[in-house]
Amino acid sequence: MVLKKIISGFFALFALCLFLSACGRKQPISQSGFYFDTVISVTLYDSSKTKQLEHCFELAKLYEHAFSSKIKDSDISKINRAAGKPVRVGEETVELIEKGLYYSKLSNGKFDLTVGKLTELWDFHADTPKLPDAAAVANAIRTIDYRNVIINGTEVTLTDPNAALDLGGIAKGYIADKLKQYLLSQGITSGLINLGGNVLTIGEKEDGNAYTIGIQKPFDKSGSPTATVSIKDLSVVTSGVYERYFEQDGVRYHHILDISNGYPYQNELLGVSVICANSADGDGLSTTCFALGLEKGMELIESLEHTEAIFITSDQKLHPSSGIGTDIPMKRMGGDE
C-alpha cells in the first residue's frame, strides 16, 4: 500500500498548475509558506508592497490558529470539545461556519461541516495509510448532521455532544478571500493568491493580460495541465480524487467522502474545477458538485449566475459548463480551444 501525493511545485498543488508570464511595468514579488497542511503562495505585481505581502502570511497564521481542528486551542477545537455546550468564538469563525452551513443546506447535506468524526478516521498523511474500522465509520456517520449546529451571535453550539466540525472543505477558500480583501484595502490591484490549489486572482496582470490558470491532468505526476482558462479577478478551485489518496488491495481510496456510507465517492468523476468570483464559494461548490456527480452537478452550476465549471470524468474527458469557451476562454492542451 503506497500513499500517492501529487505535488508538482507551488502552482500544481491540488489539481491546479499555474503559469505566470513575466509582468510588464513592475517587478513582481512573491512569498510562500506552509499552512493548512499545504504550501501557499502570494504574488504581487508591485515590489514596493513587501509589508503587505508579509502581512498576508501573518493573517494566514492567525486564520489557521482559529480554524484548524488539529490545533488544540483553535475556535473549532473548542467547539468540538464542548460536549454540546455553547462556545464563544471570533466573528470570522462564525462567518466561516455560516458559509459552511449555507453549502450544507444547498447540497442537502452532501457537503456537511459536521463531518469531523469521519474525516479524522481517514489519515491520508500517514506513512502507511489504511482503511478505518468499519464500526468506527458507522458510528461517525451517526454524528453527521449540519442541523445540529446552532449559532447565536458569536456563540456556537453543537447540539450533538459527539459531533465534530471540520471546515477543511471550505476554509482555504474563505481565507483566500480574506487575503484578497486585505490586499484590495491596501490599494493593490494586481496579484495572485494560491492556497494549495485555491487560486484567486486580483484584477488583471500588470501588463493588462488575463491570468492563465492550468487545470491539472488527473494523476499526471509532472503536474501537466489538461486545459487552461484565462481569468481576471476570479477564482479557480478544484476538488479531485488525485489530490490525496492511497491504494489498498488494488482499490484507490481518495479524500472526498460520501457521508451516506463513510467511504470515498465512486461516481466516475476525477475532478471538478469551479470558476467564480469568490474562492470560498468555489470551495463549497467544487466539493458539492463532485458529490452530486456530473449530471446533477452540472445542473447546479448552470442554475447559478457568474459561475462556471469543468468536470473531468474517469475517461479523462472534459465537460465544461455553457460559459466556458465564451465568457471564460479555455484552451485544451493538444486540442482546440
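Computed from a predicted structure; not experimentally measured.

Cut-offs and rules
- Residues numbered from 1 in each chain as written.
- Predicted model: local features only at pLDDT ≥ 70, side-chain atom pairs only at ≥ 80, totals over all residues.
- Heavy atoms only, no water.
- Pairing = 2+ DSSP bridges.
- Helix = DSSP H or I, 4+ residues; strand = E, 2+ residues; numbered from the N terminus.
- 1 Å grid on protein atoms, 1.4 Å probe; cavity = no way out; pocket = protein on both sides within 12 Å on 5 of 7 lines; lining within 4 Å.
- Points joined across faces, edges and corners; volume = space filled by probe spheres on them.
- Salt bridge = Lys/Arg side-chain N within 4 Å of Asp/Glu carboxyl O.
- Buried < 20%, exposed > 50% of the residue type's maximum accessible area, 1.4 Å probe, protein only.

Enquirer: Help me get a handle on the pairing of strand β7 (residues 155–158), residues and values and all.
Expert: Bridging between strand β5 (residues 87–88) and β7 involves two bridges; their strand directions are antiparallel. By the bridge assignment for β7, Arg 88 is matched with Glu 155. Direction of pairing for strand β6 (residues 149–152) relative to β7: antiparallel, over a ladder of four bridges. When the sheet's bridge partners are listed, Ile 150 is paired in β7 with Thr 157. Counting the residues in the hairpin turn of β6 and β7 gives two residues, including Gly 153, whose phi is positive at 65°.

Enquirer: Describe the layout of surface pockets, and please don't skip the residues or the numbers.
Expert: Each pocket or cavity is described by its volume, and for the largest pocket that value is around 1300 Å³. Thr 119, Asp 166, Gly 168, Gly 169 and Arg 244 are, among the 50 residues lining the largest pocket, the residues nearest its centre. Elements supplying a minimum of two residues to the lining of the largest pocket: α1 (50–67), α2 (75–81), α4 (116–119), α6 (171–185), β12 (235–240) and α7 (279–303). No other element matches α7, which puts four residues into the lining of the largest pocket.

Enquirer: Lay out unusual backbone geometry with the relevant residues and their values.
Expert: Phi at Phe 36 is positive, roughly 55°, even though this residue is not glycine. You can see Phe 36 is positioned in the loop between β3 (29–35) and β4 (38–44). Here the phi dihedral of Asp 249 falls at roughly 55°; this positive angle occurs in a residue that is not glycine. Within the secondary structure layout, Asp 249 lies in the loop between β13 (244–248) and β14 (251–254).

Enquirer: Provide a residue-level description of the pattern of salt bridges, including the pertinent values.
Expert: Under the counting rule described, the total for this entry stands at nine salt bridges. Among the ionic pairs, Glu 95 bridges to Lys 178, the shortest N-O distance being 3.1 Å. Of this pair, Glu 95 sits in helix α3 (residues 91–106) while Lys 178 sits in helix α6, and the two are 83 residues apart along the sequence. Note on Lys 178: relative accessible area 14%, which makes it buried.

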